[in-house]
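What the coordinates show
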Amino acid sequence: MTTVGVLTPEGTTAGTVDLPAEVFDVQANIPLMHQVVVAQLAAARQGTHKAKTRGEVAGGGKKPYKQKGTGRARQGSIRAPQFTGGGVVHGPVPRDYSQRTPKKMKVAALRGALSDRAREGRLHVVEAFVSGETPSTKAALKTLRTASERARVLVVLGAEDELNWLSLRNLAGEGVHLIEAGQLNTYDVLVADDVVFTKDALAEFLGEKPADETEADK
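Procedures and definitions
Residues numbered from 1 in each chain as written. Predicted model: local features only at pLDDT ≥ 70, side-chain atom pairs only at ≥ 80, totals over all residues. Heavy atoms only, no water. UniProt positions renumbered as here; feature names shortened; annotations may be inferred. pLDDT = per-residue confidence, 0-100. Contact = heavy atoms within 4.5 Å. Phe/Tyr/Trp six-rings, centres within 6.5 Å; stacked < 30°, edge-to-face > 60°. Lys NZ or Arg CZ within 6 Å of the ring centre and 35° of its normal. 1 Å grid on protein atoms, 1.4 Å probe; cavity = no way out; pocket = protein on both sides within 12 Å on 5 of 7 lines; lining within 4 Å. Points joined across faces, edges and corners; volume = space filled by probe spheres on them. Helix = DSSP H or I, 4+ residues; strand = E, 2+ residues; numbered from the N terminus. Axes fitted to C-alpha atoms, helices over the stretch in contact; angles between N-to-C directions. Left-handed = near helix turned anticlockwise from the far one by under 90°. Nonpolar A, V, L, I, M, F, W, Y, C, P; charged D, E, K, R; others polar. Domains from an automatic or database assignment. Pairing = 2+ DSSP bridges. Salt bridge = Lys/Arg side-chain N within 4 Å of Asp/Glu carboxyl O. Buried < 20%, exposed > 50% of the residue type's maximum accessible area, 1.4 Å probe, protein only.

An unreviewed UniProt entry lists the protein under the name Large ribosomal subunit protein uL4, with Phytohabitans houttuyneae as the source organism. Quoted verbatim from the Subunit (unreviewed entry) heading of the UniProt record, the comment on the protein is "Part of the 50S ribosomal subunit." UniProt's Sequence similarities (unreviewed entry) comment on the protein is quoted here verbatim: "Belongs to the universal ribosomal protein uL4 family."

Put into structure tokens, the structure is as follows:
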């Protein structure tokens, strides 16, 4: 188990958090990660492409000219594929591109990607991006750049973290991508240069209870 410092909005370090070895220090299986990423991108395809066959193109019901005596090849419709404006042979039709990917494969691929980022020092944890209860994009960006100055940053927030979400949602132009802890996936981790968790989002991802809930249970 390794530890990583927790950054505060003021730029100081407020303790550390543990990164379980079974999640953040496993062997990265590159072929597995590739398979999972390809499946994810395939599932994102709409698959609504469609080309009309000769039977679906409007018109062409009348024989263009008589069968014999013209010296030309016999034709039955001007909507045949060889004519301009005719149908398409073996054209695309609506289909589902999704691939079946077992849950265990997705989990293993995600853990491998996170472990790769953690070993390279490209995984960070912040206590919060803003102090107080008022959203502030300027303050959030300052905290984020203190944690990471890389071009593409994946920020992982808790499902109910409205304050940080409102503060960061306008930073897409700054190379910032927001995602909930429950939606974390291999593709987004690999595309990002750095991954930044909030402390609560990390606990949510690991299935741990936040500190306030733990105290309430006692």
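Additional details are given in the paragraphs that follow.
Residues with a pLDDT of 70 or more make up 95% of the protein, whose mean pLDDT is 92. Predicted confidence is poor over residues 214-218, with pLDDT under 50, and the contacts of this stretch with residues over four places away or in other chains come to two contacts.

This next bit is on the packing of aromatic side chains. Counting across every chain of the model gives three aromatic pairs. Taken together through their ring pairs, the aromatic side chains of Phe 24, Phe 197 and Phe 205 make up a single cluster. Positioned above the aromatic ring of Tyr 97 is the side chain of Arg 45, whose terminal nitrogen or guanidinium carbon lies 3.7 Å from the ring centre. Here the guanidinium or amino end of Arg 95 rests over the ring plane of Tyr 97, the centre of that ring lying 3.9 Å away.

For the rest of this paragraph, the subject is the layout of surface pockets. Computed from the structure, the largest pocket encloses a volume of approximately 440 Å³. Along the walls of the largest pocket sit 19 residues, with Lys 106, Val 107, Leu 110, Leu 184 and Asn 185 positioned nearest its centre. Elements supplying a minimum of two residues to the lining of the largest pocket: helix 2 (30-43) and helix 3 (103-119). Looking at the lining of the largest pocket element by element, the count peaks at five residues for helix 3.

Moving on: the packing of helix 2 against helix 3. Following both chains from N to C, one finds helix 2 and helix 3 inclined at 115 degrees, their axes separated by 9 Å at the closest point. When you trace helix 2 past helix 3, the crossing you get is left-handed. Of the residues in helix 3, those touching helix 2 at Leu 32, Met 33, Gln 35 and Val 36 are Met 105, Lys 106, Ala 108, Ala 109, Gly 112 and Ala 113. Broken down by class, the residue content of the contact of helix 2 with helix 3 amounts to seven nonpolar, two polar and one charged.

As a further point, take the domain arrangement of the protein. According to the domain assignment, the protein consists of domain 1 (2-45 + 101-213) and domain 2 (47-96). One C-alpha centre belongs to domain 1, the other to domain 2, and the line joining them spans 53 Å.

Let's shift gears to the sheet that holds strand 2 (residues 13-19). Strands sit in the order 2-1-3-6-4-5 across an open sheet of six strands; the sheet is mixed. Because the sheet does not close on itself, it has two edges, and the strands there are strand 2 and strand 5 (176-180). The mean inter-strand angle of the sheet, taken between neighbouring strand axes irrespective of direction, is 30 degrees.

Right, let's get into the pattern of salt bridges. Side-chain pairing between opposite charges can occur once the charged atoms of the two side chains come close. Per the stated rule, a full pass over the model turns up seven salt bridges. In this structure, Glu 56 and Lys 50 form a salt bridge, with 2.8 Å as the shortest nitrogen-oxygen distance. For Glu 56, a relative accessible area of 41% gives the class partly exposed. In this structure, the salt-bridge partner of Arg 117 is Asp 116, at a minimum N-O distance of 2.8 Å. For Arg 117, a relative accessible area of 6% puts it in the buried group. Residues participating in the shared-partner salt-bridge network are Glu 120, Arg 122, Arg 150 and Asp 194.

It is a general feature of regular strands that their side chains alternate between the two faces of the sheet. Side chains Leu 123 and Val 125 of strand 3 (residues 123-126) all project onto a buried face; the interleaved residues His 124 and Val 126 project onto the opposite face, where all are buried too. Relative to strand 3, strand 1 (residues 2-7) runs parallel, the two sharing two bridges. Note on strand 3: the bridge partner recorded for Val 6 is Val 125. Bridge analysis of strand 3 against strand 6 (residues 194-198) gives four bridges, and the strand direction is parallel. Its bridge partner lying in strand 6, His 124 is registered against Val 196.

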